[in-house]
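Spelled out from the first residue to the last, the chains are:
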Amino acid sequence: MSRARTVGLVLGAALDAVLADPARGHPVAGFGRIAAGLERAVHRDSRLVGAAYATVLVAGTGAAAAGAERALAGRRPGRRAALARAGLTAATTWTVLGGTSLRRQGRALGGELERRDLRAARTRLPSLCGRDLSALDAGGLARAGVESVAENTSDAVVAPLLWGAVAGLPGLVAYRAANTLDAMVGYRDARHGRFGWAAARTDDAANLLPARMCALLTCACAPVVGGSPAEAFRVMRRDGRSHPSPNAGVVEAAFAGALGLRLGGELRYPHGVEHRPELGSGRPAEAGDLAAAARLSGAVSAASVVVCAGAVAALDTLRTRRAGSRGPGEGG
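None of these values were measured; they are calculated from a predicted model. For every chain, the first residue of its written sequence is number 1, and the numbers climb from 1 along that sequence. The predicted nature of this model means local features are confined to residues of pLDDT at least 70 and side-chain atom pairs, given and counted, to a pLDDT of 80 or more, with totals for whole chains, interfaces and linings taken over all residues. With hydrogens and water stripped out, all remaining heavy atoms of the structure feed into the side-chain values.

**Quick look at the overall build of the protein chain**
Put simply, DSSP marks the helices as runs of H or I at least four residues long and the strands as runs of E at least two long, and each gets a number from the N terminus on. Assigned secondary structure in the protein chain consists of 11 helices and 3 strands. Atoms counted for the radius of gyration: C-alpha only. Globule rule: 2.2 Å times residue count to the power 0.38. For 332 residues, the compact-globule estimate of 2.2 N^0.38 gives 20 Å, and the protein chain sits close to it at 21 Å. Projected onto its principal axes, the C-alpha coordinates of the protein chain cover approximately 65 × 50 × 35 Å. Each residue gets one of three labels from its accessible area relative to the maximum for its type: buried under 20%, exposed over 50%, partly exposed in between, using a 1.4 Å probe on protein chains only. Within the protein chain, buried positions represent 50% of all 332 residues. We call two residues in contact when some of their heavy atoms are within 4.5 Å. Sequence separation of at least 24 residues holds for 70% of the intrachain contacts in the protein chain that already meet a minimum separation of 6. Of the roughly 15600 Å² that the protein chain leaves accessible, carbon and sulfur atoms contribute 58%. Each charge class in the protein chain was averaged separately, 42 positive and 27 negative side chains, and the resulting centres sit 8 Å apart. Accessibility throughout is a Shrake-Rupley quantity obtained with a 1.4 Å probe, and a residue counts as covered only by protein chains that appear here. When charges are tallied, Lys and Arg are placed among the positive residues and Asp and Glu among the negative ones, while His and the ends of the chain are skipped. The location of each charge is read from NZ of Lys, CZ of Arg, CG of Asp or CD of Glu.

Below is the structure:
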């Protein structure tokens, strides 16, 4: 099982690197349509209703994946069964990852800003984040793009890989369900302030460890963009905790330190203005920084594949040792 999981995760990451997101019939988009329809049917200004909504969708997708994994595990052992498990894990990993599409969008945004095509850049930005476009000049668009590349490197790459390593298919799909719901209903606006509370808190909890892993990998990969691992780590430690998000802050601060930038400050969303502490003490983001952020994201993504594959092997070794320590006839 562990070998099939490792092969599936690595192969799924390779498929994402080569093919990016599926062009049509994306399962995550299908899940989003189901979630939107259910929200319209059950929405109430209630945390309890919102918690039930999030539980049904996240636990339901996780249970379905667990059933599929058990069905494959119950097949007669053999090469075909192992290939089936690896193939399903690879296909699922491919569909839940979004690193290649993220980097392509980031580089394209940088190119549009370098050409001073602000109209095209404003049209593209919603594919990366949900800012108030009317209030963003070239510098604001660049900063928003770098921040989004940083945060989504954790959300769209490191977190799903880590949950896949720890919990297999259920981990992959349940994490993606939680993260998608947070993007859909986790806002602090009039409609979702109470209803989306559980979805937002679930996503926060699911990203606590992955975000810190992503931040540390960002520090380690800082030389890819000419940065200093020590400086990136210093900025991450100093500024990461000041961010209102318990997870986005450490990652964005690590990116700021690695790239020598100053991120954060005033952010305008459709639901209102947020004033966030500045992250880093470098210069403001510029158009060319989007390509650098994409390179850094790619390096972190590759490193996370290696770390998560190693985590599967380590967990398998730990389980084997525990089983051996029981001795014959022990346990049940």
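**Let's talk about empty space enclosed by the protein**
Grid spacing is 1 Å over the protein atoms alone, the probe is 1.4 Å, and a cavity is where that probe fits but cannot get out, while a pocket is an open set with protein on both sides within 12 Å along at least five of seven lines and lining residues have an atom within 4 Å of a point. Grid points are joined across faces, edges and corners, and a volume is the space filled by probe spheres set on the points. All chains considered together, the criterion is met by 1 cavity of 30 Å³ or more. Size it by volume and the largest cavity reaches roughly 30 Å³. Around the largest cavity sit E69, L72, R85, L88, T89 and L169, which together line it. Contributing elements (two or more residues each) for the lining of the largest cavity: helix 3 (47–73) and helix 4 (79–96). Considering each element in turn, the lining of the largest cavity owes the most residues, 3 residues, to helix 4. In this count, Pro and Cys sit with the nonpolar residues alongside Ala, Val, Leu, Ile, Met, Phe, Trp and Tyr, while Asp, Glu, Lys and Arg are called charged and the others, Gly among them, polar. A class-by-class count of the residues in the lining of the largest cavity yields 3 nonpolar, 1 polar and 2 charged.

**Some thoughts on the packing of aromatic side chains**
Only Phe, Tyr and Trp rings take part, Trp by its six-membered ring, and two of them pair if their centres are within 6.5 Å. Stacked means planes under 30 degrees apart, edge-to-face means over 60, and tilted covers everything else. Applying the stated criterion across every chain, the model contains 1 aromatic pair. Centre to centre, the rings of Y53 and F195 are 4.9 Å apart; their planes meet at 45°, and the pair counts as tilted. Taken together, the positions of Y53 in helix 3 and F195 in the loop between helix 7 (138–185) and helix 8 (197–221) put the pair 142 residues apart, joining distant regions of the chain.

**Thoughts on helix 10 (residues 248–259)**
The end-to-end C-alpha distance of helix 10, which contains 12 residues, comes to 16 Å, matching closely the 16 Å that a straight helix rising 1.5 Å per residue would cover. For helix 10, the full list of buried residues reads A248, G249, V250, V251, E252, A253, A254, F255, A256, G257, A258 and L259. Taken from the residues just after helix 10, G260 is the one with a positive phi, measuring 70°. One fewer than the residue count of a helix, multiplied by 1.5 Å, yields its expected span.

**Considering the side chain of E147**
Tracing the chain through its elements places E147 in helix 7. By relative accessible area, which is 1% here, E147 ends up buried. Setting aside chain neighbours within four positions, we find E147 in contact with R131, E252, L263, G264 and L267.

**A word on the pattern of salt bridges**
A pairing counts as a salt bridge when a side-chain nitrogen of Lys or Arg comes within 4 Å of a carboxyl oxygen of Asp or Glu. Here the structure, examined in full by the defined rule, presents 10 salt bridges. Here R124 and E112 are joined by a salt bridge, their closest N and O atoms 2.8 Å apart. Residue R124 is located in helix 6 (residues 118–124), and its partner E112 is located in helix 5 (residues 99–114); the two are separated by 12 residues in the primary sequence. Assessed through its relative accessible area of 5%, E112 is described here as buried.

**A closer look at the layout of surface pockets**
Of the volumes computed, that of the second largest pocket is approximately 210 Å³. If you go around the second largest pocket, the residues you meet are P27, V28, F31, T61, T92, T95, V96, V173, R176 and A177. Secondary-structure elements contributing two or more residues to the lining of the second largest pocket are helix 2 (27–42), helix 4 and helix 7. Of the residues that constitute the lining of the second largest pocket, the class distribution is 6 nonpolar, 3 polar and 1 charged.

**A closer look at unusual backbone geometry**
Even without being glycine, A20 reaches a positive phi, approximately 60°. Relative to the elements of secondary structure, A20 occurs in the loop between helix 1 (2–19) and helix 2. In the Ramachandran plot, R116 falls in the positive-phi region, its phi being about 60° despite a non-glycine side chain. Following the sequence through the fold, R116 ends up in the loop between helix 5 and helix 6.

**With respect to helix 2**
Residues that lie three or four places apart on an α-helix share one face, since the helix turns once every 3.6 residues. Along its 16 residues, helix 2 runs 23 Å from first to last C-alpha, staying within 8% of the 22 Å computed at 1.5 Å per residue. Those residues of helix 2 hidden inside the fold are in contact with helix 3, helix 4 and helix 7.

**What about the nonpolar core?**
Among buried residues, those of type Ala, Val, Leu, Ile, Met, Phe, Trp, Tyr and Cys that are joined through side-chain atoms within 4.5 Å constitute a nonpolar core. The biggest cluster of nonpolar side chains holds 62 residues, and the ones touching the most others in it are L113, L125, V146, L259 and L296. At the level of secondary structure, the elements contributing two or more residues to this core comprise helix 1, helix 5, helix 7, helix 8, helix 9 (229–239), helix 10, strand 1 (261–269) and helix 11 (289–326). Counting residues per element, this core draws most heavily on helix 7, which supplies 14 residues. Beyond its immediate sequence surroundings of up to four residues, L259 is in contact with V146, V225, A292, A293 and L296. Formed by 13 residues, the second largest nonpolar core is a distinct cluster that contains A35, L57, A177 and V185.

All quantities given are derived from atomic positions and should not be read as evidence of function.
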